[in-house]
2 protein chains.
Amino acid sequence: MVIRKPPAAMLADSPDEVEAEFYEALREGDLERLMAVWADDDAVVCVHPGGPRTIGAQAVRESFEAIFANGAIAVTPEQVHRLHGDSSALHHLAERITVRTAEGPRSAWVLATNAYVKTPQGWRMVVHHASPGTLQEPEAVERPSTLH
Amino acid sequence: MVIRKPPAAMLADSPDEVEAEFYEALREGDLERLMAVWADDDAVVCVHPGGPRTIGAQAVRESFEAIFANGAIAVTPEQVHRLHGDSSALHHLAERITVRTAEGPRSAWVLATNAYVKTPQGWRMVVHHASPGTLQEPEAVERPSTLH
(Lines give C-alpha, C1' and ligand atoms only; values in the text may rest on other atoms or scores of the structure.)
Protein backbone atom coordinates (compact mmCIF):
# COMPACT_ATOMS: atom_id res chain seq x y z
CA MET A 1 0.00 0.00 0.00
CA VAL A 2 1.25 3.44 -0.88
CA ILE A 3 1.26 5.83 2.05
CA ARG A 4 0.50 9.23 0.69
CA LYS A 5 1.38 12.66 1.90
CA PRO A 6 -1.41 14.57 3.59
CA PRO A 7 -3.22 16.81 1.11
CA ALA A 8 -1.86 20.31 0.70
CA ALA A 9 -3.36 22.83 3.09
CA MET A 10 -6.20 24.92 1.80
CA LEU A 11 -7.30 27.94 3.79
CA ALA A 12 -10.89 28.61 2.88
CA ASP A 13 -12.60 31.61 4.38
CA SER A 14 -16.15 30.40 3.81
CA PRO A 15 -18.22 27.32 3.01
CA ASP A 16 -18.93 28.83 -0.43
CA GLU A 17 -15.22 29.02 -1.15
CA VAL A 18 -14.73 25.35 -0.18
CA GLU A 19 -17.69 24.34 -2.31
CA ALA A 20 -16.44 26.25 -5.36
CA GLU A 21 -13.07 24.55 -4.95
CA PHE A 22 -14.71 21.11 -4.59
CA TYR A 23 -16.59 21.41 -7.88
CA GLU A 24 -13.61 22.98 -9.64
CA ALA A 25 -11.47 20.01 -8.55
CA LEU A 26 -14.13 17.61 -9.87
CA ARG A 27 -14.17 19.43 -13.21
CA GLU A 28 -10.37 19.30 -13.34
CA GLY A 29 -10.21 15.70 -12.17
CA ASP A 30 -7.54 16.85 -9.71
CA LEU A 31 -7.39 14.42 -6.79
CA GLU A 32 -4.93 16.39 -4.63
CA ARG A 33 -6.91 19.58 -5.03
CA LEU A 34 -10.10 17.69 -4.24
CA MET A 35 -8.74 16.07 -1.10
CA ALA A 36 -7.43 19.43 0.14
CA VAL A 37 -11.07 20.48 0.36
CA TRP A 38 -11.96 17.68 2.78
CA ALA A 39 -11.27 17.64 6.49
CA ASP A 40 -8.42 15.16 6.97
CA ASP A 41 -10.43 13.11 9.39
CA ASP A 42 -11.56 9.52 9.84
CA ALA A 43 -15.11 10.78 10.43
CA VAL A 44 -15.86 12.35 7.03
CA VAL A 45 -18.58 10.66 4.96
CA CYS A 46 -19.13 10.51 1.21
CA VAL A 47 -21.92 8.83 -0.74
CA HIS A 48 -21.57 8.84 -4.53
CA PRO A 49 -24.76 8.52 -6.59
CA GLY A 50 -26.05 4.98 -6.11
CA GLY A 51 -22.84 4.00 -4.34
CA PRO A 52 -22.03 2.78 -0.84
CA ARG A 53 -21.06 5.23 1.84
CA THR A 54 -17.37 5.77 2.26
CA ILE A 55 -16.15 6.80 5.69
CA GLY A 56 -12.83 8.48 6.46
CA ALA A 57 -10.57 10.66 4.33
CA GLN A 58 -8.54 7.72 3.05
CA ALA A 59 -11.61 5.77 1.83
CA VAL A 60 -13.01 8.97 0.28
CA ARG A 61 -9.71 9.55 -1.54
CA GLU A 62 -9.77 6.03 -2.95
CA SER A 63 -13.37 6.43 -4.14
CA PHE A 64 -12.54 9.63 -6.05
CA GLU A 65 -9.34 8.07 -7.40
CA ALA A 66 -11.50 5.31 -8.93
CA ILE A 67 -13.91 7.90 -10.36
CA PHE A 68 -11.15 10.04 -11.86
CA ALA A 69 -9.67 6.95 -13.52
CA ASN A 70 -12.56 7.48 -15.96
CA GLY A 71 -11.83 11.19 -16.33
CA ALA A 72 -12.98 14.45 -14.83
CA ILE A 73 -16.65 15.27 -14.15
CA ALA A 74 -18.45 18.04 -16.03
CA VAL A 75 -20.46 19.19 -13.02
CA THR A 76 -21.93 22.55 -12.01
CA PRO A 77 -23.71 23.24 -8.71
CA GLU A 78 -27.13 24.88 -9.11
CA GLN A 79 -30.05 25.88 -6.86
CA VAL A 80 -27.79 26.10 -3.80
CA HIS A 81 -29.75 26.25 -0.57
CA ARG A 82 -27.70 27.26 2.49
CA LEU A 83 -28.04 26.78 6.23
CA HIS A 84 -25.09 28.49 7.88
CA GLY A 85 -24.03 28.44 11.51
CA ASP A 86 -20.94 29.96 13.13
CA SER A 87 -18.80 26.89 12.74
CA SER A 88 -20.80 24.59 10.51
CA ALA A 89 -22.74 24.91 7.28
CA LEU A 90 -25.10 22.77 5.26
CA HIS A 91 -25.62 23.21 1.55
CA HIS A 92 -28.29 21.43 -0.38
CA LEU A 93 -28.11 21.69 -4.15
CA ALA A 94 -28.66 20.17 -7.55
CA GLU A 95 -25.55 19.12 -9.48
CA ARG A 96 -25.93 19.49 -13.23
CA ILE A 97 -23.73 16.91 -14.89
CA THR A 98 -23.09 16.91 -18.62
CA VAL A 99 -22.93 13.38 -19.98
CA ARG A 100 -21.99 12.38 -23.51
CA THR A 101 -24.54 10.17 -25.24
CA ALA A 102 -24.89 8.81 -28.77
CA GLU A 103 -27.31 11.71 -29.36
CA GLY A 104 -24.81 14.30 -28.10
CA PRO A 105 -24.30 15.88 -24.70
CA ARG A 106 -27.17 15.69 -22.24
CA SER A 107 -27.68 17.07 -18.77
CA ALA A 108 -28.36 14.89 -15.76
CA TRP A 109 -29.06 16.12 -12.24
CA VAL A 110 -28.01 14.78 -8.89
CA LEU A 111 -29.34 16.04 -5.55
CA ALA A 112 -26.56 16.58 -3.05
CA THR A 113 -26.17 17.54 0.58
CA ASN A 114 -22.76 19.01 1.42
CA ALA A 115 -21.68 19.77 4.97
CA TYR A 116 -18.78 21.94 6.05
CA VAL A 117 -17.14 22.68 9.38
CA LYS A 118 -14.78 25.40 10.43
CA THR A 119 -11.49 23.86 11.49
CA PRO A 120 -8.26 25.49 12.68
CA GLN A 121 -7.21 25.12 9.01
CA GLY A 122 -10.28 27.00 7.74
CA TRP A 123 -13.55 25.64 6.39
CA ARG A 124 -13.51 22.05 5.18
CA MET A 125 -15.97 19.58 3.71
CA VAL A 126 -17.06 16.78 6.04
CA VAL A 127 -20.07 15.26 4.24
CA HIS A 128 -20.96 14.85 0.57
CA HIS A 129 -24.14 12.83 0.02
CA ALA A 130 -25.29 12.57 -3.60
CA SER A 131 -28.45 10.78 -4.70
CA PRO A 132 -28.68 8.87 -7.99
CA GLY A 133 -29.13 11.13 -10.99
CA THR A 134 -32.19 11.90 -13.05
CA LEU A 135 -32.55 13.32 -16.55
CA GLN A 136 -35.12 15.84 -15.36
CA GLU A 137 -34.11 19.11 -13.80
CA PRO A 138 -35.23 18.83 -10.19
CA GLU A 139 -37.88 21.17 -8.93
CA ALA A 140 -37.79 22.24 -5.34
CA VAL A 141 -41.07 22.13 -3.48
CA GLU A 142 -40.90 25.31 -1.51
CA ARG A 143 -43.74 26.88 0.38
CA PRO A 144 -43.38 29.96 2.54
CA SER A 145 -44.66 29.16 5.97
CA THR A 146 -47.99 30.63 6.99
CA LEU A 147 -47.09 30.28 10.62
CA HIS A 148 -44.85 33.24 11.17
CA MET B 1 -56.05 26.23 2.98
CA VAL B 2 -56.05 25.15 6.59
CA ILE B 3 -53.68 27.14 8.74
CA ARG B 4 -52.34 24.84 11.35
CA LYS B 5 -51.05 25.46 14.81
CA PRO B 6 -47.29 25.34 15.19
CA PRO B 7 -46.15 21.89 16.26
CA ALA B 8 -46.00 21.23 19.96
CA ALA B 9 -42.69 22.13 21.54
CA MET B 10 -40.20 19.34 21.99
CA LEU B 11 -37.22 19.92 24.23
CA ALA B 12 -34.55 17.52 23.08
CA ASP B 13 -31.27 17.43 24.98
CA SER B 14 -29.24 15.80 22.24
CA PRO B 15 -29.22 15.02 18.51
CA ASP B 16 -29.66 11.33 19.40
CA GLU B 17 -32.84 12.14 21.27
CA VAL B 18 -34.24 14.07 18.31
CA GLU B 19 -33.32 11.26 15.95
CA ALA B 20 -34.95 8.60 18.12
CA GLU B 21 -38.11 10.72 18.20
CA PHE B 22 -38.03 11.23 14.41
CA TYR B 23 -37.96 7.49 13.70
CA GLU B 24 -40.50 6.75 16.42
CA ALA B 25 -42.86 9.29 14.84
CA LEU B 26 -42.35 7.65 11.42
CA ARG B 27 -43.16 4.23 12.90
CA GLU B 28 -46.25 5.67 14.56
CA GLY B 29 -47.29 7.65 11.49
CA ASP B 30 -47.77 10.61 13.85
CA LEU B 31 -47.50 13.84 11.85
CA GLU B 32 -47.63 16.25 14.82
CA ARG B 33 -44.98 14.31 16.71
CA LEU B 34 -42.86 14.22 13.56
CA MET B 35 -43.11 17.93 12.87
CA ALA B 36 -42.22 18.74 16.50
CA VAL B 37 -38.82 17.20 15.72
CA TRP B 38 -38.11 19.66 12.93
CA ALA B 39 -36.94 23.24 13.32
CA ASP B 40 -39.98 25.41 12.49
CA ASP B 41 -38.07 27.24 9.82
CA ASP B 42 -38.40 28.06 6.13
CA ALA B 43 -34.81 26.87 5.62
CA VAL B 44 -35.18 23.18 6.52
CA VAL B 45 -34.69 20.66 3.69
CA CYS B 46 -36.06 17.16 3.18
CA VAL B 47 -35.45 14.73 0.33
CA HIS B 48 -37.49 11.53 0.38
CA PRO B 49 -36.08 8.51 -1.47
CA GLY B 50 -36.25 9.29 -5.18
CA GLY B 51 -38.34 12.38 -4.49
CA PRO B 52 -37.83 16.09 -5.08
CA ARG B 53 -36.37 18.25 -2.37
CA THR B 54 -38.85 19.96 -0.14
CA ILE B 55 -37.79 23.23 1.46
CA GLY B 56 -39.39 24.84 4.50
CA ALA B 57 -41.29 23.32 7.42
CA GLN B 58 -44.67 23.70 5.72
CA ALA B 59 -43.58 21.88 2.54
CA VAL B 60 -41.94 19.17 4.64
CA ARG B 61 -45.17 18.75 6.63
CA GLU B 62 -47.19 18.32 3.45
CA SER B 63 -44.73 15.74 2.09
CA PHE B 64 -45.00 13.62 5.24
CA GLU B 65 -48.77 14.07 5.31
CA ALA B 66 -48.90 12.53 1.82
CA ILE B 67 -46.63 9.67 2.92
CA PHE B 68 -48.65 8.93 6.06
CA ALA B 69 -51.83 8.81 3.95
CA ASN B 70 -50.47 5.37 2.99
CA GLY B 71 -49.75 4.45 6.60
CA ALA B 72 -46.84 4.50 9.00
CA ILE B 73 -43.31 3.43 8.02
CA ALA B 74 -41.66 0.38 9.58
CA VAL B 75 -38.21 1.94 9.76
CA THR B 76 -35.23 1.42 12.06
CA PRO B 77 -32.00 3.45 11.96
CA GLU B 78 -28.84 1.32 11.79
CA GLN B 79 -25.10 1.90 11.40
CA VAL B 80 -25.36 5.45 12.74
CA HIS B 81 -22.23 7.49 12.07
CA ARG B 82 -22.02 10.77 14.02
CA LEU B 83 -20.18 14.06 13.56
CA HIS B 84 -21.06 16.26 16.51
CA GLY B 85 -20.23 19.93 17.08
CA ASP B 86 -21.28 22.20 19.91
CA SER B 87 -24.39 23.47 18.18
CA SER B 88 -24.77 21.27 15.12
CA ALA B 89 -24.62 17.56 14.40
CA LEU B 90 -24.57 15.36 11.34
CA HIS B 91 -25.72 11.76 11.37
CA HIS B 92 -25.22 9.41 8.49
CA LEU B 93 -27.02 6.11 8.69
CA ALA B 94 -28.78 3.25 6.97
CA GLU B 95 -32.55 3.06 7.44
CA ARG B 96 -33.85 -0.51 7.46
CA ILE B 97 -37.41 -0.47 6.15
CA THR B 98 -39.65 -3.49 6.31
CA VAL B 99 -41.82 -3.76 3.21
CA ARG B 100 -44.62 -6.25 2.66
CA THR B 101 -44.29 -8.28 -0.54
CA ALA B 102 -46.19 -11.22 -2.03
CA GLU B 103 -43.41 -13.42 -0.59
CA GLY B 104 -43.79 -11.94 2.89
CA PRO B 105 -41.96 -9.10 4.64
CA ARG B 106 -38.62 -8.05 3.22
CA SER B 107 -36.05 -5.49 4.29
CA ALA B 108 -34.97 -2.58 2.16
CA TRP B 109 -32.28 -0.07 3.04
CA VAL B 110 -32.08 3.65 2.47
CA LEU B 111 -28.96 5.75 3.07
CA ALA B 112 -29.77 8.94 4.93
CA THR B 113 -27.99 12.06 6.08
CA ASN B 114 -29.70 13.81 9.00
CA ALA B 115 -28.59 17.20 10.28
CA TYR B 116 -29.50 18.79 13.60
CA VAL B 117 -28.94 22.20 15.12
CA LYS B 118 -29.21 23.42 18.69
CA THR B 119 -31.94 26.04 18.89
CA PRO B 120 -33.28 27.97 21.87
CA GLN B 121 -35.96 25.25 21.91
CA GLY B 122 -33.39 22.44 22.11
CA TRP B 123 -31.99 20.27 19.33
CA ARG B 124 -34.02 20.11 16.14
CA MET B 125 -33.75 18.41 12.75
CA VAL B 126 -32.92 20.73 9.84
CA VAL B 127 -32.01 18.30 7.04
CA HIS B 128 -33.18 14.80 6.14
CA HIS B 129 -31.74 13.55 2.85
CA ALA B 130 -32.65 9.95 1.97
CA SER B 131 -31.37 8.17 -1.13
CA PRO B 132 -33.49 5.64 -3.04
CA GLY B 133 -33.64 2.25 -1.35
CA THR B 134 -31.88 -0.99 -2.17
CA LEU B 135 -32.67 -4.56 -1.20
CA GLN B 136 -29.07 -5.20 -0.13
CA GLU B 137 -27.86 -4.20 3.28
CA PRO B 138 -25.40 -1.37 2.63
CA GLU B 139 -21.77 -1.91 3.48
CA ALA B 140 -19.73 1.04 4.60
CA VAL B 141 -16.32 1.40 3.02
CA GLU B 142 -14.28 2.42 5.99
CA ARG B 143 -10.53 2.57 6.10
CA PRO B 144 -8.62 3.89 9.09
CA SER B 145 -6.29 6.59 7.91
CA THR B 146 -2.59 5.77 7.75
CA LEU B 147 -1.77 9.43 7.94
CA HIS B 148 -2.08 10.07 11.63
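Within each chain, residue numbers correspond to sequence positions counted from 1 in written order. To label them, take the chains in the order written and letter them from A, then take the ligands in the order written and number them from 1. Two thresholds apply to this predicted model, a pLDDT of at least 70 for residue-level local features and 80 or more for giving and counting side-chain atom pairs, whereas whole-chain, interface and lining totals are computed over all residues. In computing side-chain values, all of the structure's heavy atoms are included and hydrogens and water are not.

Chemist: Describe the sheet that holds strand β6 (residues 122-130) of chain A, naming the residues involved and giving the relevant values.
Modeler: With mixed pairing, the seven strands of this open sheet are ordered in space as β3(A)-β4(A)-β5(A)-β6(A)-β1(A)-β2(A)-β7(B). Both outer strands of the open sheet, β3 (75-84) of chain A together with β7 (141-142) of chain B, are each paired with one neighbouring strand and no more. Of the pairings in the sheet, the one linking strand β2 (residues 53-55) of chain A to β7(B) comprises two bridges and is parallel in character. Bridge assignment links A:Thr54 to a residue of β7(B), and that residue is B:Val141. By definition, residues are in contact when any of their heavy atoms lie within 4.5 Å. For helices, the fitted line uses only the C-alpha atoms of the stretch in contact; every axis is such a line through C-alpha atoms, and the angle between N-to-C directions lies from 0 to 180 degrees. Strands here mean DSSP runs of E at least two residues long; helices mean DSSP runs of H or I at least four residues long; both are numbered from the N terminus. Running over the sheet, helix α1 (residues 15-28) of chain A touches β3, β4 (88-101), β5 (104-119) and β6 of chain A and is turned about 160 degrees from β3(A). Sitting on the sheet, helix α3 (residues 57-68) of chain A is in contact with β1 (45-47) and β2 of chain A together with β7 of chain B, with an inclination near 135 degrees to β2(A). Here, strands pair whenever DSSP counts at least two bridges between them.

Chemist: Could you give an account of the sheet that holds strand β4 (residues 88-101) of chain B, with specific residues and numbers?
Modeler: Strands sit in the order β7(A)-β2(B)-β1(B)-β6(B)-β5(B)-β4(B)-β3(B) across an open sheet of seven strands; the sheet is mixed. One side of each edge strand has no neighbouring strand; the edge strands of this open sheet are β7 (140-142) of chain A together with β3 (75-84) of chain B. Between one strand axis and the next, the sheet turns through 25 degrees on average, direction left out of account. As judged from the eight bridges shared by β3(B) and β4(B), these two strands associate in the antiparallel manner. In the strand pairing of β4(B), B:Val75 is matched with B:Ile97.

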